[in-house]
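For reference, the chains in residue letters:
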Amino acid sequence: MTLYRASEHKRMPWKNGGGETVEIAVFPPDASVDDFDSRISMATVASDGPFSIFPGIDRTLSILDGNGMSLTFDSQEPLLLNRSSPPLAFAADVPVAARLVDGPITDLNVMTRRGRYRHSVERVTGRFSVSKQAESEAVFVLAMGDVSLTSDHKSVDLKALDAMSIDAAVTVRADEITCYIIRLTPQD
């Protein structure tokens, strides 16, 4: 298990300059916003505006905090995304405009380079178990509050916005706390 403490997450400007990203994990480890294969990050959105365009990237967006935002893809009807919405997967190379519902939000972004990786994001609350579904898969747990992870008689406590990558089956005791399970799978 590898621990990613919230206090150690890397902060950087958005690709379009409109805000700040808090990077949790990126692969390859020294990749930039232009050449990553996978990236897990959070961002605070404080104003309406367009999303950054990432050619060849698939993205899943989840609202972690705030009242949500309305997303407009090309000329389609707006789609409301809030904390109770399931994680939303979409291509990051299509134009998307965001309009805040009522104040700033914090979101979770999981992005993978098409043809190299695919990903999934699941929101869970309470006690659950998680394990890798394939040896090549990378699995992360992002905690939204105090949780305890147990594996092979080892226990690790996570605080809000800490993350952990897991290599073996893990039981998570989270009581009423929400966690996000992120799976990254290389494509052949």
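Everything discussed here concerns the structure shown above.
Notes on the structure follow. (Residues numbered from 1 in each chain as written. Predicted model: local features only at pLDDT ≥ 70, side-chain atom pairs only at ≥ 80, totals over all residues. Heavy atoms only, no water.)

## With respect to the sheet that holds strand β3 (residues 20-27)
Strand order across the open sheet formed by six strands is β2-β3-β4-β11-β6-β9, with antiparallel pairing between neighbours. Looking at strand neighbours, the two that pair on one side only are β2 (10-13) and β9 (88-91), the edges of this open sheet. Each neighbouring strand pair of the sheet contributes to a mean axis angle of 30°, computed without reference to strand direction. Here four bridges tie strand β6 (residues 57-65) to β9, and the two strands are oriented antiparallel to one another. (Pairing = 2+ DSSP bridges. Helix = DSSP H or I, 4+ residues; strand = E, 2+ residues; numbered from the N terminus. Axes fitted to C-alpha atoms, helices over the stretch in contact; angles between N-to-C directions.)

## Points about the sheet that holds strand β15 (residues 147-151)
Strand order in the open sheet made by the four strands is β13-β18-β15-β16, with antiparallel pairing throughout. The two strands at the open ends of the sheet, each matched to only one other strand, are β13 (128-130) and β16 (154-158). Taking each pair of neighbouring strands and ignoring which way they run, the sheet shows an average axis angle of 25°. Note that β15 and strand β18 (residues 170-173) share three bridges and pair antiparallel. Each residue of the ladder has a partner; that of Thr150, found in β18, is Thr171.

## Describing the nonpolar core
By size, the foremost hydrophobic cluster in this structure holds 17 residues, and its most contacted members are Phe128, Val130, Val147, Leu149, Val172 and Cys179. For this core, the secondary-structure elements that each account for two or more residues are β13, β14 (138-143), β15, β16, β17 (163-166), β18 and β19 (178-186). Sorting elements by how many residues they give to this core places β14 first, with three residues. Residues within four places of Val130 in sequence aside, it is in contact with Val139, Val141, Ile166, Ala168, Ala169, Val170, Ile181 and Arg183. (Core = buried A, V, L, I, M, F, W, Y, C linked by side-chain atoms within 4.5 Å. Buried < 20%, exposed > 50% of the residue type's maximum accessible area, 1.4 Å probe, protein only. Contact = heavy atoms within 4.5 Å.)

## Some words on the packing of aromatic side chains
For any pair of aromatic rings, geometry is given as the distance between the ring centres together with the angle between the planes. Applying the stated criterion across every chain yields a total of five aromatic pairs. Look at Phe27 and Tyr117: their rings are 6.0 Å apart centre to centre, the planes differ by 65°, and that puts the pair in the edge-to-face class. In this pair, Phe27 sits in strand β3 while Tyr117 sits in strand β12 (residues 117-125), placing the two residues 90 residues apart along the sequence. What makes Phe27 partly exposed here is its relative accessible area of 39%. (Phe/Tyr/Trp six-rings, centres within 6.5 Å; stacked < 30°, edge-to-face > 60°.)

## Here's the deal with the pattern of salt bridges
Applying the stated rule across the entire model yields eight salt bridges. Among the salt bridges present, the one from Arg5 reaches Asp162, with a minimum N-O distance of 2.5 Å. In this pair, Arg5 is assigned in the loop between β1 (2-4) and β2 and Asp162 in the loop between β16 and β17, connecting sequence segments 157 residues apart. Its salt-bridge partner being Asp93, residue Arg114 comes within 3.0 Å of it at the nearest N-O pair. Placement of the pair is Arg114 in the loop between β11 (105-113) and β12 and Asp93 in the loop between β9 and β10 (96-100), with a sequence separation of 21 residues. Residue Asp93 is classed as partly exposed on the basis of its relative accessible area of 28%. Connected via shared salt-bridge partners are Asp58, Asp93 and Arg114. (Salt bridge = Lys/Arg side-chain N within 4 Å of Asp/Glu carboxyl O.)

## Description of the pairing of β17
Of the two faces of β17, both are covered, the one formed by Ala163 and Ser165 as well as the one formed by Met164 and Ile166. Bridge count between β1 and β17: three bridges; the pairing is antiparallel. Opposite Thr2, over in β17, you have Ser165 as the bridge partner. Strand direction decides the pairing type here: β14 and β17, joined by four bridges, are antiparallel. Among the inter-strand pairings, Leu142 is bridged to a residue of β17, identified as Ala163.

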